[in-house]
Amino acid sequence: MKQLSILFVAFLTTLTSLAQNYEITFNVNKPLEETLYIGQHFRDDFVIVDSAKAQKPGVYVFKGKRQWTPGIYSLIHYGTGKEASKKKSYTDFTIDGSFKFTINCDSSFNAAKMKVKGCKANELMYAYIARNAEARNQAREIQKRQKSEDTNIRYKATQEMDELSEVMIAYE
């Protein structure tokens, strides 16, 4: 029994030593809910792993010590009214080994406007999302021209679409 107790204490000590100190800050340009959550994707829902109350309007600091699994996480809020029990995501972010970072954004959570300090993976992720959104908008405009009755306009639009495709393949 004594050996079992020693093994259990050793196991807990090992788990505690694997936990990392973290501080993840979201600065939003306008106040959101009083409390926001960090959720990890699980099937079609989120598992809440932390929560933070607004320290001041729009500023949420998630701080503590835990063992993080690298991956994509979401900044979560709960719905209102009939949807009060539903978890909804404002934005996704990544945890990849950086445990102290700040994300500055506006309340639209538009990737092109996200500014990250302290985590290169999130900087790259938001830049990638923003570039893909820009390319989608360009593609929509080109597709409109591809429906033109003028053969020259359609031909030129098809060439533009091919060029955009090549640029995006090279970007990835």
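For the structure itself, look to the data block above.
Keep in mind that this is a model prediction, so the values were computed, not measured. (Residues numbered from 1 in each chain as written. Predicted model: local features only at pLDDT ≥ 70, side-chain atom pairs only at ≥ 80, totals over all residues. Heavy atoms only, no water.)

In this structure, what is going on with a nonpolar patch on the surface? I would like to understand it.
On the surface, Tyr128, Ile129 and Tyr171 cluster together into a nonpolar patch covering about 260 Å² of accessible area. When you line up the elements, Tyr128 lands in helix 2 (residues 120–146). According to the relative accessible area criterion, Tyr128 is partly exposed, its value standing at 35%. (Patch = residues over 30% accessible without salt bridge, like charges linked within 9 Å, V, L, I, M, F, W, Y side chains within 5 Å. Areas by Shrake-Rupley, 256 points an atom, 1.4 Å probe, with all protein chains shown as cover. Salt bridge = Lys/Arg side-chain N within 4 Å of Asp/Glu carboxyl O. Helix = DSSP H or I, 4+ residues; strand = E, 2+ residues; numbered from the N terminus. Buried < 20%, exposed > 50% of the residue type's maximum accessible area, 1.4 Å probe, protein only.)

Looking at this model, I keep getting lost on helix 3 (residues 151–171). Mind explaining?
For an α-helix the count is 3.6 residues per turn, leaving residues at separations of three or four pointing the same way. An ideal rise of 1.5 Å per residue puts 30 Å on 21 residues; helix 3 measures up with 30 Å between its terminal C-alpha atoms. Listed in full, the buried residues belonging to helix 3 are Ala157, Met161, Leu164 and Met168. Projected down its long axis, helix 3 carries its buried residues within an arc of 65°, all on one side. Facing away from the buried side of helix 3, by more than 90 degrees, are the exposed residues Thr151, Asn152, Tyr155, Lys156, Glu163, Glu166, Ile169 and Ala170. Those residues of helix 3 that are buried are in contact with helix 2. (Expected span 1.5 Å × (residues − 1). Arc of directions from axis to C-beta. Contact = heavy atoms within 4.5 Å.)

Can you help me understand the side chain of Thr91 in this one?
Position of Thr91 relative to the elements: it lies in strand 6 (residues 87–95). Those residues in contact with Thr91, other than ones at most four positions away along the chain, are Phe26, Tyr73, Ser74, Leu75, Phe109, Met114 and Tyr126.

Sorry, what's going on with the pairing of strand 1 (residues 20–28) here?
As a general feature of sheets, a regular strand has side chains that alternate between the two faces. Both strand 1 and strand 4 (residues 59–66) contribute to a ladder of 8 bridges, which runs antiparallel. Residue pairing across strands places Glu23 opposite Lys63, the latter belonging to strand 4. Note: strand 1 against strand 7 (residues 100–105), 6 bridges, orientation parallel. Bridge assignment links Val28 to a residue of strand 7, and that residue is Cys105. (Pairing = 2+ DSSP bridges.)

Quick question: what am I supposed to make of the environment of Lys63 here?
Mapped onto the fold, Lys63 is located in strand 4. As a C-alpha pair, Lys63 and Tyr22 span 41 residues in sequence and 5.5 Å in three-dimensional space. The residues touching Lys63, leaving out its near neighbours within four places in the chain, are Tyr22, Glu23 and Asp50.

Would you mind going over unusual backbone geometry with me for this structure?
A negative phi holds for most residues other than glycine; trans holds for most peptide bonds. We note that Arg43 has phi near 55°; this positive angle belongs to a residue other than glycine. Relative to the elements of secondary structure, Arg43 occurs in the loop between strand 2 (35–42) and strand 3 (45–56). Positive phi outside glycine occurs at Phe109, with the angle close to 55°. As for its placement among the helices and strands, Phe109 is situated in the loop between strand 7 and strand 8 (115–117).

What is the right way to read the packing of aromatic side chains from this model?
The geometry of an aromatic ring pair is captured by two quantities: the separation of the ring centres and the angle between the planes. In total, this model carries 9 aromatic pairs according to the counting rule given. Centroid distance Tyr37 to Tyr78: 5.2 Å. Interplanar angle 85°. Geometry classified as edge-to-face. Of this pair, Tyr37 sits in strand 2 while Tyr78 is found in strand 5 (residues 71–78), placing the two residues 41 residues apart along the sequence. With a centroid separation of 4.9 Å and 25° between ring planes, the pair formed by Tyr90 and Phe109 is classed as stacked. A residue pair is termed long-range when its members are at least 10 positions apart, and Tyr90 in strand 6 and Phe109 in the loop between strand 7 and strand 8 qualify at 19 residues. Phe109 sits in the buried class, given a relative accessible area of 8%. Joined through ring pairs, the aromatic side chains of Tyr22, Phe26, Phe62, Trp68, Tyr73, Phe93 and Phe101 make up one cluster. (Phe/Tyr/Trp six-rings, centres within 6.5 Å; stacked < 30°, edge-to-face > 60°.)

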